Structures are given as C-alpha cells and as structure tokens.
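Below, each chain spelled out in residue letters.
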Amino acid sequence: MTCAGSGSRAPRKSWRRASFTRTSIGPSSAWWSRRRSSERPTNAESARKAGLELEARKRFGAHFLAGLNYTFVDSQVQLGADDTVVLTSLQRPLAGTSRHLFNGIVETRVGRTTARLLVNYYDDRIADVGSLGLPDIIEQGRLAVDLVLSHRLGPFNVRFAAENLSNREIRYEQGGEPQRVFKIGRTFLLQVAYVAF
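Residues numbered from 1 in each chain as written. Predicted model: local features only at pLDDT ≥ 70, side-chain atom pairs only at ≥ 80, totals over all residues. Heavy atoms only, no water.

**Q** Can you help me understand the overall build of the protein in this one?
**A** When helices and strands are tallied, the protein shows zero helices and 13 strands. Walking the protein from its N terminus toward its C terminus, one meets helices and strands in the order β-β-β-β-β-β-β-β-β-β-β-β-β. Looking at the protein as a whole, 23% of its 197 residues are labelled buried. Within the protein, counting contacts between residues at least 6 apart in sequence, those at least 24 apart form 55% of the total. Element-wise, carbon and sulfur atoms account for 57% of the exposed surface of the protein, whose accessible area totals about 12900 Å². (Helix = DSSP H or I, 4+ residues; strand = E, 2+ residues; numbered from the N terminus. Buried < 20%, exposed > 50% of the residue type's maximum accessible area, 1.4 Å probe, protein only. Contact = heavy atoms within 4.5 Å. Areas by Shrake-Rupley, 256 points an atom, 1.4 Å probe, with all protein chains shown as cover.)

Structural data, given as structure tokens:
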C-alpha cells in the first residue's frame, strides 16, 4: 500500500488513519478425486491472519507532501499431522506474507515540475514452502528506493524514472544458508508523451 500525492488537487490538511483486520479460516472443504482413492486432501487444516495498518500524510506549504504507511501482519497456517509426509512444517506463516511492511513518499511540486521519492521495505517472508524434510525457503527483507521526475512542456509531458536506486541484493535462504543471491540492477526510463487534450 503506497501513499500517493494528490496530483493537481487543492492542498489538503494532514490526516491519519488506522485499521485492524482479522481473518480466521476453519477446516477447508478439500477436494477428493473419485478416480484414485489414494489421493488425499491438499488444503491446510486451518489458517489465521490478523493485521494492523497505520497511515499518515501531511502537506508542508503549497509545494511539499510527505506520507508514511506501515502494515503489520500476523499469520499462521496449521497443518494436520499426516501432512508432514510431504510438507516439512506443521505450523508456519502464510507463504508470501511479510510481518512488517513500510512505504514512504516525499513529493515536491513547483510550477509544471514534480519530483517524487518513493521508499518501500518489506520484512522476511516465505518464498517456497519446505517439503520432504527440507526447510522453508525464506526471502530476506529488502529496501527499495525509486525516484520519479516529470515536467509538462506545452502539449508534451516528459517523465524520468529511476527505479531500484538502492540496488540491494535479493537474497533467499534455506535453513540459514544462502539458497540463491542476486541483484536485478537499477532501471532508468525516459518517456515523452504528447497530450492532445
């Protein structure tokens, strides 16, 4: 969830928002195959997810905007004892779910020029669920920074974007050991658009 600027709208007062969510899922109606009686249910016995989101945004004068967003997620999947025949852990967080998420934005607008700095951070999360006795593969938390500049020049809109400026390594670990480590590099993009209306 990313805080965003208000575009060309009139400046607004600062505001804050908080929300809380909780989801509990009981035993699922797992499917069964009529063709092969040996096939077993693949769904988890139960799952739970609870979260808290905090968001704030404030304008400083007519040209500056700053915003923050924080999300906390507590999740848990419970498997039956027989499921360890394939899957390693009876209890784990939901795959792909980070416990902590953070987004920030700083934006300035002067005349027809806008500059926006975006910061995103996510905590460790399960990338692949461990099976056959192997531990879960964990994607390590990572910070990403993007910069976007745009300028309106007559009927043309010029936009420059610099993505992943931090260029932190993307790291996956299994059982505390590196499973794969790489970088995706920085991306620079220049766009020129013609606005007919």
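**Q** I would appreciate a short explanation of the pairing of strand β10 (residues 156-163) in the present structure.
**A** The side chains of a regular strand alternate, first on one face of the sheet and then on the other. Of the strand pairs in this sheet, strand β9 (residues 142-153) and β10 are connected by seven bridges, and their pairing is antiparallel. In the strand pairing of β10, Arg152 is matched with Asn157. Hairpin connection between β9 and β10: a loop of two residues separates the two successive antiparallel strands, and Gly154 in this loop has a positive phi of roughly 60°. The pairing of β10 with strand β13 (residues 187-194) spans eight bridges and is classified as antiparallel. Looking at the pairing, Phe156 lines up with Tyr194 of β13. (Pairing = 2+ DSSP bridges.)

**Q** Help me understand the environment of Asp136 in this model?
**A** Along the chain, Asp136 turns up in the loop between β7 (125-128) and β8 (137-139). Residue Asp136 is classed as buried on the basis of its relative accessible area, which comes to 13%. Taking the C-alpha atoms as reference, Asp136 lies 9.4 Å from Leu87; in sequence the two are 49 residues apart. Residues contacting Asp136, with those up to four places away along its chain left out, are Ser89, Arg92, Ile126, Asp128, Val129, Gly130, Glu173, Gln174 and Gly175. Engagement of the side chain of Asp136 in a polar contact is seen with the backbone nitrogen of Gly130, the distance being 2.6 Å. (Polar contact = N/O pair within 3.5 Å; in protein donor to acceptor, adjacent residues only side chain to side chain.)

**Q** How do you make sense of the sheet that holds strand β12 (residues 177-182) when you look at a structure like this?
**A** Picture the strands of a sheet paired through backbone hydrogen bonds; they go either parallel or antiparallel. The four strands lie next to each other as β7-β8-β11-β12, forming an open sheet whose pairing is antiparallel. If you trace the sheet from one side to the other, it starts and ends with β7 and β12, each paired once. Mean inter-strand twist for the sheet, computed between neighbouring axes without regard to direction, equals 35°. Across three bridges, β7 lies against β8 in antiparallel orientation. Its bridge partner lying in β8, Asp128 is registered against Ile137. (Axes fitted to C-alpha atoms, helices over the stretch in contact; angles between N-to-C directions.)

**Q** Looking at this structure, I do not really get the pairing of strand β2 (residues 46-60). What am I missing?
**A** Pairing between β2 and strand β3 (residues 64-78): 15 bridges, direction antiparallel. Directly across from Lys49, in β3, lies its bridge partner Ser75. Counting the residues between successive antiparallel strands, the hairpin from β2 to β3 contains three residues, one of them, Gly61, with a positive phi of roughly 70°.

**Q** Any chance you could explain the packing of aromatic side chains here in plain terms?
**A** For any two aromatic rings, the description comes down to two numbers: the centre-to-centre distance and the angle of the planes. The final tally for this structure, using the stated rule, is three aromatic pairs. A centroid spacing of 6.4 Å and a plane angle of 20° characterise the contact between Phe160 and Phe188, whose relative ring orientation is stacked. Residue Phe160 is found in strand β10, and its partner Phe188 is found in strand β13; the two are separated by 28 residues along the sequence. Residue Phe188 is classed as exposed on the basis of its relative accessible area of 54%. Arranged with centres 6.3 Å apart and planes meeting at 20°, the rings of Tyr172 and Phe182 form a pair that is stacked. Here Tyr172, found in strand β11 (residues 170-174), pairs with Phe182, found in strand β12; they are ten residues apart in sequence, far enough to count as distant. For Phe182, a relative accessible area of 34% translates into the label partly exposed. Above the plane of the ring of Phe60 lies Lys58, whose end atom (NZ or CZ) is 5.8 Å from the centre. (Phe/Tyr/Trp six-rings, centres within 6.5 Å; stacked < 30°, edge-to-face > 60°. Lys NZ or Arg CZ within 6 Å of the ring centre and 35° of its normal.)

**Q** Mind showing me how you'd approach the environment of Arg186 here?
**A** Position of Arg186 among the secondary structure elements: in the loop between β12 and β13. By relative accessible area, Arg186 is classed as partly exposed at 45%. It is 5.9 Å that separates the C-alpha atoms of Arg186 and Glu163, two residues lying 23 residues apart in sequence. Apart from the residues lying within four places of it in its own chain, the contact partners of Arg186 are Glu163, Asn164, Leu165, Ser166 and Asn167.

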